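Spelled out from the first residue to the last, the chains are:
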Amino acid sequence: MKRKKKGLLGILLAGLLCLTACGGSAGFKDEAVLKINDQEIMRSEYMVYLYTTTKSFVSAAGQDVWSMDFDGQTADELVEERTISTIQSVIAAKEYAAANGIALTEEQKAEAKTAVEQFMAGVSEGDLAKMGVDAEKLQPLMEDSYLYTLVHQEIAAECDVDAGDMEAYYQTNKEQLKKDYTSLKLQTILQDDGEKAAEAADRAKKGEDFASLFEEYDIDPAAENGGEMTVYQTYLENSFGLTDEMEAGDVAGPLQIGEGYFILKAVEKTVPTEEEVKELAESNYCTEVQTSYTEARFAELMKGQTVEKMADVWETLEKFH
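Residues numbered from 1 in each chain as written. Predicted model: local features only at pLDDT ≥ 70, side-chain atom pairs only at ≥ 80, totals over all residues. Heavy atoms only, no water.

Trainee: For this particular structure, what's the right way to read the packing of aromatic side chains?
Mentor: Aromatic rings considered in pairs are described by the distance between their centres and by the relative angle of their planes. A complete count under the given rule lists eight aromatic pairs for this structure. Clustering of aromatic rings is evident, with ring pairs tying together Tyr 235, Phe 240 and Phe 262. Of note, Lys 278 hangs over the ring of Tyr 170, and the distance from its end group to the ring centre comes to 4.4 Å. (Phe/Tyr/Trp six-rings, centres within 6.5 Å; stacked < 30°, edge-to-face > 60°. Lys NZ or Arg CZ within 6 Å of the ring centre and 35° of its normal.)

Laid out in structure tokens, this is it:
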């Protein structure tokens, strides 16, 4: 787990589509795998969406996701369903854009090109071969994702948010939001040996200098500034399972995450003001209402779509896990 982001790859398609570029494969046969409203979806396009959906699932639930049951569906079945649904939503957005005069500016196309270039370095050789997409093929897919975002914003703007309902949401949730968005500046140590992690945690709790312990015990070559990171309280709960609120000076751990062990020391705690909590509540409520509205609108736009799998080709598709 990296404790300081090196640069944001970006989240496209409202969190669903996070297109990653890849180099072409000499033996890759790009053929139609789907037809949506008689529009052919090529293997390369489908595999890019499958890759990003797979990564999204793993990011949310970890590698154990592949052994989970989702109301009678396997994770692979659900990933396939979400991948096809995402492609359908992009097609619907393109049709909506064409009908309503929405198009990318030259600046936005340039941004998409830059995004393609940035994403090129983020995929393994094996995954590149499975996707069979080079920068030239990826460019229109990235532009489609930008266009989807424009359409999503346009539709969301149609949605009226009731001020009274928003105030009720704030009153109901303000204490929880205040807790969730309390931020903590942390010093951290990552170890891959449980005994060494316990030893480091014990020494830290006894008051030894944390920076010195970091130099002695930390194994993460990517860590910067002594393993510093700033996170919300809700992140500690969701990612580390740490339900007790930390105060400045507190040391927690070792906390096992996957094969690693973290020791955390709270350096500074910042509680949001009442005004900040109100702004968060209003933002969260607007997002919830607009998301619900746009999902319903996209469901309408996609309602008449037909989906046909090219059976012979479909059976040959690879997975990304």
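Next comes the rest of the description.
Trainee: Honestly, the nonpolar core in this entry has me stumped. Any pointers?
Mentor: Residues Tyr 46, Met 131, Val 151 and Phe 298 are the most contacted members of the largest nonpolar core, which totals 52 residues. Counting residues per element, the ones that place at least two in this core are strand E1 (32–36), helix H1 (43–61), helix H2 (75–99), helix H3 (106–119), helix H4 (125–131), helix H5 (135–156), helix H10 (274–302) and helix H11 (311–314). No other element matches H2, which puts eleven residues into this core. Counting residues in hydrophobic clusters, the runner-up holds 14 residues, among them Leu 242, Met 246, Leu 255 and Leu 264. (Core = buried A, V, L, I, M, F, W, Y, C linked by side-chain atoms within 4.5 Å. Buried < 20%, exposed > 50% of the residue type's maximum accessible area, 1.4 Å probe, protein only. Helix = DSSP H or I, 4+ residues; strand = E, 2+ residues; numbered from the N terminus.)

Trainee: Explanation requested: the state of the cysteines in the structure shown.
Mentor: In protein chemistry, a disulfide is the covalent bond that joins the sulfur atoms of two cysteines. Taken as a whole, this structure holds zero disulfides when the rule is applied. In this structure Cys 159 is a free cysteine whose sulfur lies 8.4 Å from that of Cys 286, the closest cysteine sulfur available. When its relative accessible area of 12% is taken as the criterion, Cys 159 is described as buried. Note on Cys 286: relative accessible area 21%, which makes it partly exposed. (Disulfide = S-S within 2.5 Å.)

Trainee: Looking at this model, I keep getting lost on the side chain of Ser 89. Mind explaining?
Mentor: With respect to the helices, strands and loops of the structure, Ser 89 is situated in helix H2. Non-local contacts of Ser 89, meaning those with residues more than four positions away in its chain, are made with Tyr 148, Phe 298 and Met 302. (Contact = heavy atoms within 4.5 Å.)

Trainee: Which parts of the structure should I look at to understand a negative patch on the surface?
Mentor: Among the surface-exposed residues, Asp 192, Asp 193, Glu 195, Glu 199 and Glu 259 lie close enough to one another that they form a single negatively charged patch. By secondary structure assignment, the location of Asp 192 is in the loop between strand E5 (183–191) and helix H7 (194–205). Residue Asp 192 is classed as exposed on the basis of its relative accessible area, which comes to 52%. (Patch = residues over 30% accessible without salt bridge, like charges linked within 9 Å, V, L, I, M, F, W, Y side chains within 5 Å. Areas by Shrake-Rupley, 256 points an atom, 1.4 Å probe, with all protein chains shown as cover. Salt bridge = Lys/Arg side-chain N within 4 Å of Asp/Glu carboxyl O. Lys, Arg positive; Asp, Glu negative; His and termini not counted. Charge placed at Lys NZ, Arg CZ, Asp CG, Glu CD.)

Trainee: In this structure, what is going on with unusual backbone geometry? I would like to understand it.
Mentor: Residues other than glycine predominantly adopt negative phi, and peptide bonds predominantly adopt the trans conformation. For the peptide bond that leads from Gly 253 to Pro 254, omega is 5°, which places it in the cis range. Within the fold, Pro 254 resides in strand E7 (residues 251–257). With phi around 50°, Asp 71 is a residue other than glycine that occupies positive phi space. Relative to the helices and strands, Asp 71 is located in the loop between strand E3 (69–70) and strand E4 (73–74).

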